[in-house]
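# Remarks on the overall topology
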Amino acid sequence: MELGEDRRSLKDHRMEDEDLEEDEEEEEDEEESSEADRKRSRAAAGRSSKKGGWAPPPPCQAENCSSDMADAKRYHRRHKVCEFHAKAPVVVVAGLQQRFCQQCSRFHELSEFDEAKRSCRRRLAGHNERRRKSSYDYQGEGSN
């Protein structure tokens with residue numbers, strides 16, 4: 001009978017050990033998730049103003065623009081340009097007539113653009129160069 005009791009007690013100990021391991025794993029998961037929550041809240045706090053409150057987004061760079069950037073898309077808030085001025089052919093910024101470049105996400109003087117294009121010549125040249133390279137690759141593979 002002692003052998004049977006020993007086997008049962010061993011089985012009981014194993015089950016207790018497994019339960020303890022599961023409890024430890026759950027505690028570790030909770031600790032990891034709470035650490036991630038703390039990091040997120042610290043990162044969010046770093047983005048707000050130094051006084052601890054909510055800071056309004058910066059205004060559009062265009063002169064005399066009164067659009068509410070709080071309602072703007074994330075892209076427009078990041079680049080400080082409202083949707084209207086991002087697409088406008090001419091915008092006055094810092095006293096100069098400029099246009100917003102879709103490739104650079106910056107304002108350039110009008111002389112840096114071809115006609116009504118929304119990307120500056122420099123970025124378009126790089127774009128066209130990459131397109132030409134890939135088309136040569138395809139032509140070279142087909143002619144064996």
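Only a predicted model underlies this, so the values are computations on that prediction, with no experimental measurement involved.

### With respect to the sheet that holds strand β1 (residues 91-93)
Taken together, 3 strands build an open sheet; the order of strands is β1-β2-β3 and the sheet is antiparallel. The open sheet terminates on both sides in strands that have one partner only, identified here as β1 and β3 (106-109). Each adjacent strand pair in this sheet contributes to an overall mean axis angle of 60 degrees, direction not counted. Taken together, the 4 bridges between strand β2 (residues 96-101) and β3 define a ladder with antiparallel strand orientation. By the bridge assignment, Arg-99 is partnered in β3 with His-108.

### Quick notes on the packing of aromatic side chains
Within the structure shown, the criterion is met by 2 aromatic pairs. Each ring, one from Tyr-75 and one from Phe-100, has its centre 6.5 Å from the other, and the planes form 85 degrees; the classification is edge-to-face. Residue Tyr-75 is located in helix α2 (residues 74-79), and its partner Phe-100 is located in strand β2; the two are separated by 25 residues in the primary sequence. The exposure class assigned to Tyr-75 is partly exposed, which follows from its relative accessible area of 31%. What makes Phe-100 buried here is its relative accessible area of 2%. An aromatic cluster is built from Tyr-75, Phe-100 and Phe-107, whose rings are joined through pairwise contacts. Seen from the ring of Phe-113, Arg-99 lies directly overhead, with NZ or CZ sitting 5.0 Å from the centre.

### Some thoughts on the side chain of Arg-99
Relative to the helices and strands, Arg-99 resides in strand β2. Separated by 3.0 Å, the side chain of Arg-99 and the backbone oxygen of Glu-115 make a polar contact. Discounting chain neighbours no more than four positions away, the residues touching Arg-99 are Ala-88, Pro-89, Arg-106, Phe-107, His-108, Leu-110, Phe-113, Glu-115, Ala-116, Lys-117 and Arg-118.

### Some words on the pattern of salt bridges
If you walk through the whole model with that rule in mind, you get 3 salt bridges. Where Arg-132 meets Glu-129, a salt bridge forms, and the shortest distance between an N and an O atom there is 3.4 Å. Taken together, the positions of Arg-132 and Glu-129, both in helix α4 (residues 121-142) and 3 residues apart, correspond to about one turn of that helix. Note on Arg-132: relative accessible area 42%, which makes it partly exposed. Owing to a relative accessible area of 40%, Glu-129 belongs among the partly exposed residues under this scheme.

Each value, and the rule that gives it
- Residues numbered from 1 in each chain as written.
- Predicted model: local features only at pLDDT ≥ 70, side-chain atom pairs only at ≥ 80, totals over all residues.
- Heavy atoms only, no water.
- Pairing = 2+ DSSP bridges.
- Helix = DSSP H or I, 4+ residues; strand = E, 2+ residues; numbered from the N terminus.
- Axes fitted to C-alpha atoms, helices over the stretch in contact; angles between N-to-C directions.
- Phe/Tyr/Trp six-rings, centres within 6.5 Å; stacked < 30°, edge-to-face > 60°.
- Buried < 20%, exposed > 50% of the residue type's maximum accessible area, 1.4 Å probe, protein only.
- Lys NZ or Arg CZ within 6 Å of the ring centre and 35° of its normal.
- Polar contact = N/O pair within 3.5 Å; in protein donor to acceptor, adjacent residues only side chain to side chain.
- Contact = heavy atoms within 4.5 Å.
- Salt bridge = Lys/Arg side-chain N within 4 Å of Asp/Glu carboxyl O.

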